[in-house]
Amino acid sequence: MWNDTKVVDVHGHISRPPQVRAFAAGLMSNRTPAKMNISDEVAEPAFARHIADMDDRLIDFQLVGPRPVDQWSWMPMFLQKSWSRATNDHIAQSVRLHPDRFAGMAQLPQDATAADTVHMLEELEYCVNELGFVGAYLNPDPDGKRTAPGVHEAYWYPFYEKCVELGVQILVHPCPSEDPRLQVVPANYQINNVVEEYIASMLYMYGDVFDRYPDLKVCICHCGGALQRFIPTDFQHSGPDKDFSRNLFYDSNALAPRFLELAIQQRGVSQMCFGTEVPGSGRAVRPETGRPGDDLVRTIDGLTSINNDDKQAIFHDNPVKVFSKVGKLIGE
C-alpha cells in the first residue's frame, strides 16, 4: 500500500514448489505430453513465500505469469503445448487460492517457424475464457535465435486480433538468447531483456500495428530494455512523431534508481506501469538502504523528480487503465 492506495504490480512470475521442475524434467525426458497435478498443500508454501515478499515490498496485487527462463519455447510444439498448459494451470491455482493478491497472465506455446501465430490462440482462449486470466506474455524471440518475424509483421496479427477480441493485454517479456557468444556471461538470459525489448519497442513505433489494432495495449518490461541517447525530436533515431499514449506502455522494473528515473522521464509518467518481478532477480541488497534492489515502491517514492500524482499514476492508476480487467478484480 502507498498513501492508502493499492499498489498494482504488472510484472510478477509464478513461484513454484520443486515438484513443478521435476514434472518439466519428466516431460522433456519422456517426450510425452502429460498433465501436472500439484496439490494445494504442496503448492501453498511457495505461494506464501511469494506473498511474504510482496508484503515486504508493499505490493498489494500482482499480475503473475510464467517464468521466462523456464518457458522453454525451444521444445517441440507437442511438448510446449503440454508445458504451457501445466504452467497456466499452476498460475490459475495461485489465483484460486489468493484471488485478492494475484491475477493470471498466460504462457503460450510459440513457434518461430510457423506461418503465423494461430497456434497460440487455443491456449490463450483457454486461459482467458476458462481460467479468467487478464493478459498474456509475448516472447518476441521464441527460439532465442532471432529467426521469428518482428512484432510489427503479419505473423503476429492473429494473436493481436484475438487479444483485442478477448479484451486482454500483452506483456512483452523475452526469454533467453541462444547466442553462443554469451556463454561466458553469467545469467546471460538477462541480455535479451535489453536487446529484444528495445527492438520490440522500436518496431511497434515504426510499424503500423496500432493503426491496424487501435484498441491493442502492449506493455514492454524493464522500461523497454534500453533508453534513448538521442533527443526526442530526432525522429529517425528515437521514434516517429506519433501518439502512442493509448497503446504502448512500459513497466518500472529497473533496479538502478538513476536509470529508472530517466526511464520515467523519457517514456512519460502516463506510459509507466509499476512492475517489479518480485520475487525474482532483484534480491541483491542496496548498500545505501540495506533493502533489496527490487524494493521499488520505496525507491519510486523517494524520487524527487516526480510528484505524488505521478507516483499514484505509476503505482495504481496506469496498471488499472492498461490491464482493463484488473479494476474489477480489486473491487473498483
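Here is a short report on the structure shown in this document.

About the criteria used
- Residues numbered from 1 in each chain as written.
- Predicted model: local features only at pLDDT ≥ 70, side-chain atom pairs only at ≥ 80, totals over all residues.
- Heavy atoms only, no water.
- Pairing = 2+ DSSP bridges.
- Helix = DSSP H or I, 4+ residues; strand = E, 2+ residues; numbered from the N terminus.
- Contact = heavy atoms within 4.5 Å.
- Axes fitted to C-alpha atoms, helices over the stretch in contact; angles between N-to-C directions.
- Expected span 1.5 Å × (residues − 1).
- Buried < 20%, exposed > 50% of the residue type's maximum accessible area, 1.4 Å probe, protein only.
- Arc of directions from axis to C-beta.
- Phe/Tyr/Trp six-rings, centres within 6.5 Å; stacked < 30°, edge-to-face > 60°.

**Section: the sheet that holds strand S8 (residues 272–273)**
Whether parallel or antiparallel, the strands of a sheet pair through hydrogen bonds between backbone atoms.
So, step 1. Ordered by their spatial adjacency, 8 strands build an open sheet running S1-S2-S3-S4-S5-S6-S7-S8, and the pairing between neighbours is parallel. The sheet terminates laterally at strand S1 (8–13) and S8, the two strands that pair on one side only.
So, step 2. Where helix H2 (residues 40–56) meets the sheet, it contacts S1, strand S2 (61–65) and strand S3 (102–106), and its direction lies at approximately 135 degrees from that of S2.

**Describing helix H1 (residues 18–30)**
So, step 1. In this model, H1 (13 residues) spans 18 Å end to end at C-alpha, consistent with the 18 Å of a helix rising 1.5 Å per residue.
So, step 2. Buried within H1 we find Val-20, Phe-23, Ala-24 and Leu-27. Taken end-on, H1 shows its buried residues confined to a sector of 100 degrees, consistent with a single buried face. Exposed residues on H1 whose side chains face more than 90 degrees from its buried face are Pro-18, Ser-29 and Asn-30.
So, step 3. Contacts from the buried residues of H1 go to helix H3 (77–97).
So, step 4. After H1 finishes, the residue Arg-31 shows a positive phi value of roughly 50 degrees.

**Details of unusual backbone geometry**
So, step 1. Each neighbour pair has its own omega, and for Val-278 with Pro-279 the value is -10 degrees, a cis peptide bond.
So, step 2. Checked against the element boundaries, Pro-279 lands in the loop between S8 and helix H10 (296–301).
So, step 3. Residues other than glycine seldom take positive phi values, yet Leu-58 does so here, at roughly 70 degrees.
So, step 4. Its location among the elements puts Leu-58 in the loop between H2 and S2.
So, step 5. Look at Arg-146: it is not a glycine, yet its phi comes out positive at around 60 degrees.
So, step 6. Following the sequence through the fold, Arg-146 ends up in the loop between strand S4 (135–138) and helix H5 (157–166).

**Observations regarding the packing of aromatic side chains**
So, step 1. This structure, assessed with the given rule, holds 11 aromatic pairs.
So, step 2. Note on Phe-23 and Trp-83: the rings are 6.3 Å apart at their centroids and 25 degrees apart in plane angle, and the pair reads as stacked. Here the residue Phe-23 occupies a position in helix H1, and Trp-83 occupies one in helix H3, the gap between them amounting to 60 residues. In terms of burial, Phe-23 and Trp-83 fall into one category: buried.

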